[in-house]
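Architecture and fold: a report
Given next are the chains, with one letter for each unit.
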Amino acid sequence: MKYRQDIDGLRSIAILPVILYHAGISVFSGGFTGVDVFFVISGYLITSIIFKELNSGTFTISNFYVRRIKRIFPALFAMILATGAVSYFFLLPSHFERFGSSAIAAIFFCANIVFWGDSGYFETAAESKPLLHTWSLGVEEQFYIFFPLILMFLARRGFRHLKAVIIAVFAVSFMLNIALVTKFPEAVFFNLPFRAWELMLGAMLALGFFPSVGGAKREISGVLGLLLIAAGMFFIDESTSFPGYAALLPCLGTALIIYSEGSAVNRFLSFKPFVWIGLLSYSLYIWHWPVFAFRNYISAVEFQSVFLSNTFLLPAVFAMAIFSYYVIEKPLRTMRVHNKRQFFAYAAACMLALTLPALYVERTRGMSERFSKDVIDSLTARMGGLDPKKCFDLKYEDIRKERLCRIGGKKEPEFALIGDSHALAMSGGMDALFRENDTTGLLFARSTCAPAEGMDVVNGAKYQDCSRYFDRALDVIIASPEIKTVFMTARWGMYANNRRYLGTTKLYVVKDEETRKDPYASDGFLYQGLKSTIARLNAAGINAVIIKDVPDIGFDVPVEAGKYTVMKRMFGDRVGRLDYDFKSDEHFGWVRDFDNMIVSLSKEVNFSVIDPSDFLCKNGECEIYDGMSPLYFDSNHLSKQGSLYVAKIMAPKIEAAIKKSDRF
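The present account deals with the structure reproduced in this document. (Residues numbered from 1 in each chain as written. Predicted model: local features only at pLDDT ≥ 70, side-chain atom pairs only at ≥ 80, totals over all residues. Heavy atoms only, no water.)

Right, let's talk about the state of the cysteines for a bit. Per the stated rule, a full pass over the model turns up three disulfides. The disulfide partner of Cys391 is Cys405, and the S-S distance across this bridge is 2.0 Å. Measuring the twist about the S-S bond at about -85 degrees, one finds the Cys391-Cys405 disulfide to be left-handed. Placement of the pair is Cys391 in helix 17 (residues 388–391) and Cys405 in strand 1 (residues 405–408), with a sequence separation of 14 residues. Each of the two residues, Cys391 as well as Cys405, counts as buried. With a sulfur-sulfur separation of 2.0 Å, Cys617 is cross-linked through a disulfide to Cys622. Since a negative S-S torsion denotes a left-handed disulfide, the Cys617-Cys622 link at about 105 degrees is right-handed. (Disulfide = S-S within 2.5 Å. Helix = DSSP H or I, 4+ residues; strand = E, 2+ residues; numbered from the N terminus. Buried < 20%, exposed > 50% of the residue type's maximum accessible area, 1.4 Å probe, protein only.)

Printed below as a string of structure tokens:
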């Protein structure tokens, strides 16, 4: 096919916002949509090449895979090798173990599936996944496996059903994407069936599904395409349901630019600087994320260095990409292959050579022997709650008195603890505390759900069904006459501020999926939901107690302590301190909106309040360690030690609240 400089220029428009987004430059809030630009380009180019060769009778599947391997493997494998070497020194055991898994997945074209599976409620932070960006290669590689076979099958039948098949794949994929993006955002984001429409859009362009245009229409198409791509990169953010309808911005924009060949926009994209960056785009993509991931990985450690600034790292990424392109990527891509069987054997040998050490890293659980005992000890914090597999996120039909987990003794329950994952984290300490005096309670905890009757939560692009579950749990509690007190706890600051502490993803309390999503409405629904919950408990003669949240720290306490120890060992006095102390003012500022809310609430319904910060936050700082034991499992959930510590210091108030009520 004819070489189009403008498409390489378009690649530069795709890759630069991706890099700047990952560098933390907030204006490019939708920089990640550059990946969607690449998908459309890939669909166009791959289809053009295969279709031309099928028509001329020169296409063979072996030649196709030789070209793909030469294009993808060299830089990818070099990056995995280099990233693995750095990870050996910096990544803590659990993160290095995941690196081993993700390296194997990247080598065998299924990184997207592995990262989808790793994206749950307690998922590790992105900076602990230096191969996270290989998910998009997984999508493309899976496309390269299936699509040529489909075209070969259709070619044998004279392409009679070509249009129907391409349009059907496009339509089904797009509709699945729209239908499922809200309920299953991770699956839709990472997997080929929901991304295939983007590749098919490029394929439709390559196959001439659209009549060519010239003159003013062509110019308008080019300008509109550029504006759509820009709109996606500047106005989409992490809270957008994506791909969804939003992905039409980068995808249609890319399609319009490819379609408007010869327009002023296309001539602009053909300028040498754009073309050159486009030629580097694969190497830039491969190398940029590990650089910023490692920088972010140690961000909580006080380590001032120009080498960690964007001023240094952005040019460094370009230097690495230039080296990769001219020394690794280009020479091997242009290399002539005379013996394909031998070539595939060498490729398989390289895959095996990288897989074996990655498998060793995974099987040895991240080679914890790399670190001294003090590092390992700092990482031993465990979640403070009862067994989450048995007690957390129960199915609706399992919300029964006999199925809810017991806290403390084995008698009939006298109290209940309800809330989100913070209630789960607190349950472990209360369990240990009440085993001593044979007091028994029930636990009901559901992820990212405030105990607000009739209300659900929209967390970024994900809709969380809460109301049905909490309503059923309240029915069970109220129907149990021996339960005198209900403790309610949650990550209150998150719901009142519509985001996680130091986070950007928006979170709203809503009444249903059609509810307007804005902070004012969300606060109103949280207030009404809490009021309704407490009013139901009041009407049943149950003592309602709100336990305010423990301070939200903003970094993974045990992990950051481990990183600090590693960095201190490697760089000595150049490493400052890890901010082990958390300022009380930060906590009180974060929870101020919720505090104001419960003051107003106290004028309408009856409840009491227990505030852990009365005990944890003194002299201007909040405790996050009990001696050398971290009180937190991560940045906000209590550890096993922390849960017991908090339960003990709150014990007099908790026990008084249980004894206070006599149900009528």
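Bringing a nonpolar patch on the surface into the picture now. A grouping of Trp276, Ile322, Phe323, Tyr326 and Val327 is seen on the molecular surface, where their side chains present a nonpolar patch of about 460 Å² in accessible area. Broken down by element, the nonpolar patch gets its largest block of residues, four residues, from helix 14 (residues 310–333). Looking at the element boundaries, Tyr326 is found in helix 14. Overall, the relative accessible area of 39% leaves Tyr326 in the partly exposed class. (Patch = residues over 30% accessible without salt bridge, like charges linked within 9 Å, V, L, I, M, F, W, Y side chains within 5 Å. Areas by Shrake-Rupley, 256 points an atom, 1.4 Å probe, with all protein chains shown as cover. Salt bridge = Lys/Arg side-chain N within 4 Å of Asp/Glu carboxyl O.)

A few words now on empty space enclosed by the protein. If you walk through the whole model with that rule in mind, you get three cavities of 30 Å³ or more. If one sorts the elements of the lining of the largest cavity by residue count, helix 18 (residues 421–435) sits on top with three residues. Looking at side-chain class alone, the lining of the largest cavity contains four nonpolar, four polar and one charged residues. Put simply, the parts of the chain that give the lining of the second largest cavity at least two residues each are helix 2 (34–56) and helix 3 (61–90). (1 Å grid on protein atoms, 1.4 Å probe; cavity = no way out; pocket = protein on both sides within 12 Å on 5 of 7 lines; lining within 4 Å. Points joined across faces, edges and corners; volume = space filled by probe spheres on them. Nonpolar A, V, L, I, M, F, W, Y, C, P; charged D, E, K, R; others polar.)

What follows deals with the side chain of Arg11. The residue Arg11 is located in helix 1 (residues 5–22) in this model. Residue class for Arg11 comes out buried when judged on its relative accessible area of 17%. A polar contact of 2.7 Å, which involves the side chain of Arg11, links it to the side chain of Asp8. For Arg11, the contacting residues outside a window of four places in its chain are Phe38, Ile41, Leu45, Arg71, Gly278 and Ser281. (Polar contact = N/O pair within 3.5 Å; in protein donor to acceptor, adjacent residues only side chain to side chain. Contact = heavy atoms within 4.5 Å.)

A separate point is the sheet that holds strand 7 (residues 507–510). Pairing is antiparallel across the open sheet formed by three strands, whose spatial order is 5-4-7. The open sheet has two edge strands with one neighbour each: strand 5 (462–464) and strand 7. Averaged over all adjacent pairs, the angle separating strand axes in this sheet is 20 degrees, with direction ignored. In the sheet, strand 4 (residues 456–459) pairs with strand 7 via four bridges, with the strands oriented antiparallel. In the sheet register, Val457 faces strand 7, and the bridge partner there is Val509. (Pairing = 2+ DSSP bridges. Axes fitted to C-alpha atoms, helices over the stretch in contact; angles between N-to-C directions.)

Turning to the packing of helix 2 against helix 11 (residues 248–259), a few remarks are in order. Interaxial distance between helix 2 and helix 11 falls to 8 Å at its minimum, and their mutual angle equals 45 degrees. With respect to helix 11, the element helix 2 is oriented oblique. In this structure, helix 2 meets helix 11 at a crossing whose hand is right-handed. Contact residues: helix 2 offers Asp36, Val37, Val40, Ile41 and Tyr44, while helix 11 offers Pro250, Cys251, Thr254, Ala255 and Ile258. A breakdown of the residues in the contact of helix 2 with helix 11 according to their chemical character gives eight nonpolar, one polar and one charged. (Parallel < 35°, antiparallel > 145°, perpendicular 65-115°, else oblique. Left-handed = near helix turned anticlockwise from the far one by under 90°.)

Here we take up unusual backbone geometry. Residue Pro243 is reached from Phe242 by a cis peptide bond, and omega for that bond is 10 degrees. By the element assignment, Pro243 lies in the loop between helix 10 (215–235) and helix 11. The backbone of Asn619 shows a phi angle near 55 degrees, a positive value even though the residue is not glycine. Its place among the elements puts Asn619 in the loop between strand 11 (617–618) and strand 12 (621–622).

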